[in-house]
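Each chain, letter by letter, is given below.
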Amino acid sequence: MDNSKKTQDHHIVQDATDTLSLSDVNGSIEAPKDGSFWRKLLAFSGPGALVAVGYMDPGNWVTSVGGGAQYHYVLLSVVLISSLIAMMLQYMAGKLGIVRQEDLAQATRDRTNKPGGITLWIMTELALMATDIAEVIGGAIALHLLFGWSMIASVLTTALDVVLLLLLMKFGFRKIEAIVMTLIITILVIFGYLVILSNPNLVDLFGGYLPQLQAVSTHSPKGVDSPMLMTLGIIGATVMPHNLYLHSSISQTRKVDRTDKSAIKEAVRFMTWDSNIQLSLAFVINSLLLILGAALFFGHADQVGTFGSMYDALGDKTIAGAVASPILSTLFAVALLASGQNSTITGTLTGEIIMEGFLHMRIPMWLRRVVTRGLALIPVVAFTLIYGGAEDKLDQLLVYSQVFLSVALPFAMAPLILFTSSKKIMGEFANPKWMTIVGWLVFVGLTGLNIQLIIQILGQMFGAK
């Protein structure tokens, strides 16, 4: 067996048919069988943080801040509903991994024919590439704002995170979870501080969480996106397909006695606690982004349409008021950089999950990361060179990447709901009937909303009225 292992190591591409998802870390973290609730929760905490990163990546920022700047607190209800949907879908994904000990990519590939599996793999890889584009743009703009580097130099510098991530992987999965949670807390503290300084109207703020018809209106003042378009943008940028693949894999990093159903049930329970706590933090951060836009930039929506303009506005007293200062601008850029780096870590892990699950192949992490980051850099570098580093064009590319994620979402949601609702696959852990019904209603609703979003974005791109 050792000889065959040595022979395998000489090949760049290895067969992964019999390997567990993320086999290097699968079941690598001990979970206490006895002890208090809090001790067990601490042991299971971590995967939820990596999942939550996708719900606060740079793709969400422009939409959330812009939604607040254009429509005050009205769209906070959309942030709340999106977060509840996310909690349900991530529960399904984490449960699939723990109960079946296979990730969503493996489950999908093993239950489809070869052409169908390859088609789904291509769609998922393109979605991951679109996610990577958002990470590159967010990280590059943050570097440009913080250090004044040219945009092309900032874009190319983001390629170095390949080395950073490979170094982090050497320290073990628990350390990566800790780093991600630290970056999330950094973002939370920065935006919490910015919102406190902005002194929002609390009555209007909490009233914004109550659903309002205005949130789905198609009418808007001239030069401002309609509330419906902003609503679609917030939902479309929140629930992302790669998170479903990621959670179904990393939920398996805890060591569970698979011969004991009560142990599996307990693992599902604590996975749910971890996921919901971390997604609640993501909900708070997305709320803070929208509240910041509403409290500081309402009435100046046309002046905060890009990351750079938000950065400038936080230092401009004519826009942000008396609280404006260069320190606030710097904190904003630091939070943006933290968000981009967090997304890079989770994007790389998802790339490995998708490659192994759909193609039953393993390639070295460094090679996969070089290829995926290289492919993401091509359109960003092209836009940067063609438009002379104009940030508004890069922000436009970021929006297009989010639109493609909307297209890819049904291809991940449908199998997830189907598998976790099947008693044949999940046994007693299958979704209850009410959750299955809600899941399919959400699938139909999100798919319809995303189609409408795509139509409106294409209409804007080609000058349709």
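Summarised in this report is the structure supplied together with it.

As for the overall build of the chain
Looking only at helices and strands, the chain has 21 helices and 2 strands in total. Across the 465 residues of the chain, 57% fall into the buried class. Contacts in the chain between residues far apart in sequence, at least 24 positions, make up 82% of those at least 6 positions apart. Surface summary for the chain: the accessible area is close to 19600 Å², and the carbon and sulfur share equals 67%.

Here we look at the nonpolar core
Counting residues in hydrophobic clusters, the biggest one holds 129 residues, and the most contacted among them are Phe191, Phe297 and Met413. For this core, the leading source of residues is helix H14 (residues 261-297), giving 18 residues. Residues in contact with Met413, not counting those within four places in the same chain, are Leu89, Leu244, Val442, Phe443 and Leu446. Counting residues in each nonpolar core, the second largest holds 6 residues, with Met123, Ala127, Met240 and Ala408 among its members.

Some remarks on the packing of helix H10 (residues 173-198) against H14
In the contact formed by H10 and H14, the axes pass within 9 Å of each other and the chain directions differ by 30°. Between H10 and H14, the angle is such that the two are roughly parallel. In this structure, H10 crosses over H14, and the sense of that crossing is left-handed. For the pair H10 and H14, the contacting residues are Met181, Ile184, Ile187, Leu188, Phe191, Gly192, Leu194, Val195 and Ser198 in the first and Gln278, Leu281, Val284, Ile285, Leu288, Leu289, Ile291, Leu292, Ala295 and Leu296 in the second.

Observations regarding the environment of Ser280
Mapped onto the elements of the fold, Ser280 is located in helix H14. When the C-alpha positions of Ser280 and Leu80 are compared, they lie 9.6 Å apart, and in sequence the two are 200 residues distant.

Quick notes on the packing of aromatic side chains
Tallied over the entire structure, the rule returns 9 aromatic pairs. Each ring, one from Phe37 and one from Phe270, has its centre 5.4 Å from the other, and the planes form 40°; the classification is tilted. Of this pair, Phe37 sits in helix H2 (residues 37-44) while Phe270 sits in helix H14, and the two are 233 residues apart along the sequence. Looking at Phe37, the relative accessible area reads 26%, which means it is partly exposed. A centroid spacing of 5.5 Å and a plane angle of 85° characterise the contact between Trp440 and Phe443, whose relative ring orientation is edge-to-face. Separated by 3 residues within a single helix, Trp440 and Phe443 lie in helix H21 (residues 433-461), roughly one turn from each other. Classification of Phe443 as buried rests on a relative accessible area of 17%. Connected via pairs of aromatic rings, a cluster forms that spans Phe37, Trp38, Phe44, Phe270 and Trp273. Positioned above the aromatic ring of Phe419 is the side chain of Arg111, whose terminal nitrogen or guanidinium carbon lies 5.4 Å from the ring centre. Note that Arg269 overlies the ring of Phe270, its terminal NZ or CZ placed 5.0 Å from the centroid.

So, how was this worked out
- Residues numbered from 1 in each chain as written.
- Predicted model: local features only at pLDDT ≥ 70, side-chain atom pairs only at ≥ 80, totals over all residues.
- Heavy atoms only, no water.
- Helix = DSSP H or I, 4+ residues; strand = E, 2+ residues; numbered from the N terminus.
- Buried < 20%, exposed > 50% of the residue type's maximum accessible area, 1.4 Å probe, protein only.
- Contact = heavy atoms within 4.5 Å.
- Areas by Shrake-Rupley, 256 points an atom, 1.4 Å probe, with all protein chains shown as cover.
- Core = buried A, V, L, I, M, F, W, Y, C linked by side-chain atoms within 4.5 Å.
- Axes fitted to C-alpha atoms, helices over the stretch in contact; angles between N-to-C directions.
- Parallel < 35°, antiparallel > 145°, perpendicular 65-115°, else oblique.
- Left-handed = near helix turned anticlockwise from the far one by under 90°.
- Phe/Tyr/Trp six-rings, centres within 6.5 Å; stacked < 30°, edge-to-face > 60°.
- Lys NZ or Arg CZ within 6 Å of the ring centre and 35° of its normal.

In short, geometric facts, not functional conclusions.
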